[in-house]
Every structure is written in structure tokens, then in C-alpha cells.
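Chain and residue survey
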Amino acid sequence: MEATMKAPSPIPNVLSIAGTDPTGGAGIQADLKTFSALGAYGMSAITAVVAQNTRGVRGVAALAPDFVAAQIDAVFEDVRVDAVKIGMVANAAIIRAVADRLRAHGARNVVFDPVMVAKSGDPLLDPEAVAALRAELIPLATLITPNLPEAAVLLDRSDDWTPEQMTEALPALRALGPDWVLLKGGHLAGSLESTDLLAGPSGTQSFSAPRIATTNDHGTGCTLSAAIAALLPQMPMEQAVGRAKSYLQGALAAADQLDVGKGHGPLHHFHALWK
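Reading the values: rules and limits
Residues numbered from 1 in each chain as written. Predicted model: local features only at pLDDT ≥ 70, side-chain atom pairs only at ≥ 80, totals over all residues. Heavy atoms only, no water. Salt bridge = Lys/Arg side-chain N within 4 Å of Asp/Glu carboxyl O. Helix = DSSP H or I, 4+ residues; strand = E, 2+ residues; numbered from the N terminus. Buried < 20%, exposed > 50% of the residue type's maximum accessible area, 1.4 Å probe, protein only. Pairing = 2+ DSSP bridges. Contact = heavy atoms within 4.5 Å. Axes fitted to C-alpha atoms, helices over the stretch in contact; angles between N-to-C directions.

Some words on the pattern of salt bridges
In this structure the tally under the stated criterion is 9 salt bridges. In this structure, the salt-bridge partner of Asp82 is Arg108, at a minimum N-O distance of 2.9 Å. Of the two residues, Asp82 is situated in the loop between helix H2 (65-76) and strand S4 (83-86) and Arg108 in the loop between helix H3 (92-105) and strand S5 (110-112); the sequence distance between them amounts to 26 residues. Using a relative accessible area of 8% as the deciding quantity, one classes Asp82 as buried. Residue class for Arg108 comes out partly exposed when judged on its relative accessible area of 42%. Two residues, Arg96 and Glu128, come together in a salt bridge whose shortest N-O distance is 3.5 Å. Here Arg96 is found in helix H3, whereas its partner Glu128 is found in helix H4 (residues 127-137), with 32 residues between them in sequence. Of the residues examined, Arg96 reaches a relative accessible area of 38% and is grouped as partly exposed. Within the structure, one salt-bridge network assembled from shared partners comprises Asp73, Asp100 and Arg101.

As C-alpha cells, then:
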């Protein structure tokens with residue numbers, strides 16, 4: 001009797017819902033590069049068109065919420081969507097539109113990077129939008145990936161952290177409604193390593209990596225959350241986070257091979273492919 005051949009797993013289809021970056025280091029452009037590098041087919045629904053480069057943001061034009069919703073509907077009504085990554089959502093109306101369409105389509109493997117604070121420390125969402133984010137989007141998420149300034153906004157606390165306080169904050173972040181929380185420790189001062197904490201139904205796990213001295217670090221949060229979204233349909237959460245962290249380290253370590261811009265340049269998303 002011939003052995004039954006196992007059908008190959010389908011290539012994951014992953015949708016990014018986010019803003020743009022003309023120089024390609026963050027946002028939709030970084031997400032699509034990351035999906036491709038990790039073996040997933042990338043799709044996008046744009047929330048805002050951003051005029052920015054490696055030196056900063058010059059302007060943001062948020063799209064109409066109905067048009068954001070129409071993009072999401074167009075994808076889900078035609079394509080099997082295995083995971084969704086959410087990045088910049090711009091305002092409360094767009095947040096509500098995104099949440100409504102994800103609920104309607106039964107989206108799964110939703111990875112939400114709550115982009116709320118710029119590298120400069122300036123807020124990117126007003127209080128109404130933050131409230132909508134807490135009430136509408138976070139409860140739909142399989143995983144949220146806040147950094148420490150973003151976690152401070154979500155928990156309405158000061159942005160002053162110790163490693164112990166990171167651990168203590170995990171239950172409050174999970175109480176907001178996601179299945180899993182990855183609290184990123186890159187902003188924690190005084191350590192040669194960056195440690196992220198993953199908390200979920202199976203407990204808490206830490207992921208540490210050496211800090212890499214480079215100014216080409218634009219889009220690290222976008223890239224990490226996109227990597228997890230690309231991998232999540234292929235493996236369990238803990239493994240997906242570990243693999244995504246390794247991919248990010250490689251992209252950071254190889255970033256200085258690129259010569260893009262005069263400010264904080266992009267990561268090398270294709271470091272393992274471009275030899």
C-alpha cells in the first residue's frame with residue numbers, strides 16, 4: 001500500500017492594517033517586507049498616508065474610516081486571511097471601523113502593535129482614540145506588543161519602569177482583553193540586553209537579546225509585530241515570538257549594510273536572502 005502523502009501547508013496570507021512610510025523602513029512597507037522574508041503572502045489596508053523619512057514625520061493624512069473599512073472588506077471577501085497585523089490606526093473613527101470589520105469577518109491571529117507614542121515622546125493618539133483603542137481593538141487581539149511608553153499610556157501610569165514593574169504590569173495589560181501580551185523592554189535603561197516579557201494562558205516567558213549599537217533602528221516595533229503575525233499561522237505563540245525576535249536581531253545586526261537616509265535608517269529585512 002502506498003504511503004499517504006501529506007499535503008503541504010498553504011502559504012499564510014497575512015493582512016497589515018497600518019500607515020505608510022515613503023522611505024520603506026516602517027509601517028505598511030516594513031510589514032510587507034517582513035511577511036515576504038518569513039514566507040508569508042502580504043496584503044495591506046492603509047489607514048493613513050504619512051509624509052516621513054529617516055529624520056522624522058512631516059505630515060499625516062488619515063483616510064476616511066469608510067474607505068479603510070472598504071479595503072478590509074475587499075480582502076476578507078476574496079482571500080483566506082490567516083493573520084492580521086495592526087499598526088498605526090490614526091484616530092478613534094478609524095479604530096472603530098477597523099474593529100467593526102474584524103469582528104464581522106471573524107479575524108483570527110490578530111497581532112496589534114499599539115502605536116501611540118513617537119520616538120520623540122510625542123503622543124500620536126488623542127485621549128478619545130486611546131479610549132477607543134482600549135474598548136474596541138485590544139479585546140479583539142490575540143497578541144498586543146506595547147513598548148514601555150505605550151504600556152504606560154494603556155495603564156494610565158507614569159513612564160518610569162523597573163524590571164520588576166514590567167512583570168507586575170502584565171496582569172493589568174492582559175485584563176484589557178488580549179489573549180497574550182508581549183511587553184517590550186527596549187526602553188528600559190541601564191542594561192546591555194533588551195528583555196521582552198510574553199504573558200498568556202500558559203504563563204510568562206522572557207526573551208532577551210544583546211543590544212545592537214546602530215542608528216539604523218527605524219521600524220523595529222513594526223517589524224517585530226509583523227514577524228509574529230507572519231509566523232503565528234505556522235507555529236504556537238511562544239515559538240512564533242522566539243523566531244520573530246531572532247529575525248529582528250538579524251535584521252538589526254545587518255542594518256548597517258544599508259545606506260538609506262541621513263537619520264534613523266531602516267533594518268535589513270532581507271538580511272538572510274541578500275548574500
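Having put the structure on the table, let's press on.
A word on the sheet that holds strand S7 (residues 180-183)
The sheet built from 9 strands is open, its strands ordered S3-S2-S1-S4-S5-S6-S7-S8-S9 with mixed pairing. Strands at the two margins of the open sheet, each flanked by one partner only, are strand S3 (56-62) and strand S9 (203-210). Across 7 bridges, the pairing between strand S1 (residues 13-19) and strand S2 (residues 41-53) is parallel. Its bridge partner being in S2, Ser16 is matched across the sheet by Ser44. Against the sheet, helix H8 (residues 237-253) contacts strand S6 (143-144), S7, strand S8 (193-200) and S9, and its axis sits at roughly 10° relative to S9.

Some details on unusual backbone geometry
Phi is positive for Ala90, close to 70°, though the residue is something other than glycine. Turning to its location among the elements, Ala90 is positioned in the loop between S4 and H3. Among the residues examined, Ala90 registers a relative accessible area of 18% and is labelled buried. In the Ramachandran plot, Asn109 falls in the positive-phi region, its phi being about 50° despite a non-glycine side chain. Checked against the element boundaries, Asn109 lands in the loop between H3 and S5. What makes Asn109 buried here is its relative accessible area of 18%.

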